[in-house]
Amino acid sequence: FELARANAREVLGLERLPDLVLAEQQARSEGLALRVSLRMCLVEIEPPSQALAKLRALVPEMERAGLRSGLQSAALRESQLLARCGQHEEAVNTLRPVLSRLEHCHPLNLSVAQVWAAAVEVFSAAGLVDDAEAARQAGRGWLLDVALPHVPTEFRSGFRTRHPV
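Quick caveat: nothing in here was measured; it's all calculated off a predicted structure.

What counts, and at which threshold
Residues numbered from 1 in each chain as written. Predicted model: local features only at pLDDT ≥ 70, side-chain atom pairs only at ≥ 80, totals over all residues. Heavy atoms only, no water. Helix = DSSP H or I, 4+ residues; strand = E, 2+ residues; numbered from the N terminus. Contact = heavy atoms within 4.5 Å. Areas by Shrake-Rupley, 256 points an atom, 1.4 Å probe, with all protein chains shown as cover. pLDDT = per-residue confidence, 0-100. Expected span 1.5 Å × (residues − 1). Axes fitted to C-alpha atoms, helices over the stretch in contact; angles between N-to-C directions. Parallel < 35°, antiparallel > 145°, perpendicular 65-115°, else oblique. Left-handed = near helix turned anticlockwise from the far one by under 90°. Nonpolar A, V, L, I, M, F, W, Y, C, P; charged D, E, K, R; others polar. Core = buried A, V, L, I, M, F, W, Y, C linked by side-chain atoms within 4.5 Å. Buried < 20%, exposed > 50% of the residue type's maximum accessible area, 1.4 Å probe, protein only. Salt bridge = Lys/Arg side-chain N within 4 Å of Asp/Glu carboxyl O.

Quick look at the overall build of the protein chain now. In terms of regular secondary structure, the protein chain is built from nine helices and zero strands. When the helices and strands of the protein chain are listed from N to C terminus, the series reads α-α-α-α-α-α-α-α-α. Across the protein chain, every contact between residues at least 6 apart in sequence was considered, and the portion connecting residues at least 24 apart equals 57%. Carbon together with sulfur atoms contributes 53% to the accessible area of the protein chain, which is approximately 8,600 Å² in total.

In low-pLDDT segments, the atomic positions of the prediction should not be examined closely. Counting all residues, the mean pLDDT for the protein chain is 83, and 81% of those residues have values of 70 or more. Within the protein chain, helix α1 (residues 2-12) has the poorest average pLDDT of any element, 51, and helix α6 (residues 88-101) the best, 97. Segment residues 1-5 is flagged for pLDDT under 50; beyond a separation of four residues in sequence, or across chains, it makes eight contacts in the model.

A separate point is helix α5 (residues 68-84). Here α5 spans 24 Å end to end across 17 residues, near enough to the 24 Å set by a 1.5 Å rise per residue. Just downstream of α5, Gly-86 is the residue with a positive phi angle, here 85°.

Assignment of secondary structure puts Ser-111 in the loop between α6 and α7 (112-125). Those residues in contact with Ser-111 that lie beyond four places of it in its chain are Trp-142 and His-163.

For the rest of this paragraph, the subject is the packing of helix α3 (residues 32-43) against α5. Direction vectors running N to C along α3 and α5 enclose 15°, while the axes themselves pass 11 Å from each other. Relative to α5, the element α3 lies roughly parallel. The crossing of α3 and α5 is left-handed. Contact with α3, carried on its side by Val-36, Met-40 and Val-43, involves Gly-70, Ser-73, Ala-74, Arg-77, Leu-81 and Arg-84 of α5 and no other residues of that element. Among the residues forming the contact of α3 with α5, the class breakdown is five nonpolar, two polar and two charged.

Time to look at the nonpolar core. Counting 42 residues, the largest nonpolar core has Val-36, Met-62 and Phe-123 as the members making the most contacts within it. Broken down by element, the residue count for this core peaks at nine residues, all from α7. Beyond its immediate chain neighbours, meaning those up to four positions away, Met-62 contacts Leu-32, Val-36, Leu-67, Gly-70, Leu-71 and Ala-74.

So, about the pattern of salt bridges. For the coordinates displayed, the defined rule picks out six salt bridges. Note that Glu-121 is salt-bridged to Arg-84, the shortest N-O span being 2.8 Å. Of this pair, Glu-121 sits in helix α7 while Arg-84 sits in helix α5, and the two are 37 residues apart along the sequence. Linking Arg-96 and Asp-131 is a salt bridge whose minimum nitrogen-to-oxygen distance equals 2.9 Å.

The structure is reproduced here in structure tokens:
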């Protein structure tokens, strides 16, 4: 919940759930990418079954628009929601294609570290300890080897705090 709230603050500049809900309602007339971004924030704080239904409702529109990064985000968040609903096999089956496409298509408004953190969550919930550890190591490797060298020294501590893997 706190990571979602921080993501909402960072990406959208919003602080409270009512602000997110109002922003989502207003965004219906705005661009699809904005609506997807808002939905991804709300996914983390709404009841999983409700969030899953709303998330899935956006998928056809993203497919028509060819918003691949939004589809990546939706599939990743869907896998998390399925895991939270106890549908572990479906969650893992939804997650694996996201990970296989990660090198070529990053999810909308999510860092690679956040993707790996979500993978750890889904694999752990499914009892796939080896897969969860591999995801943890992949996320840690990306964070330390790819991202961190590009962050100015004075911001590295904060960067590592914001990207938990």
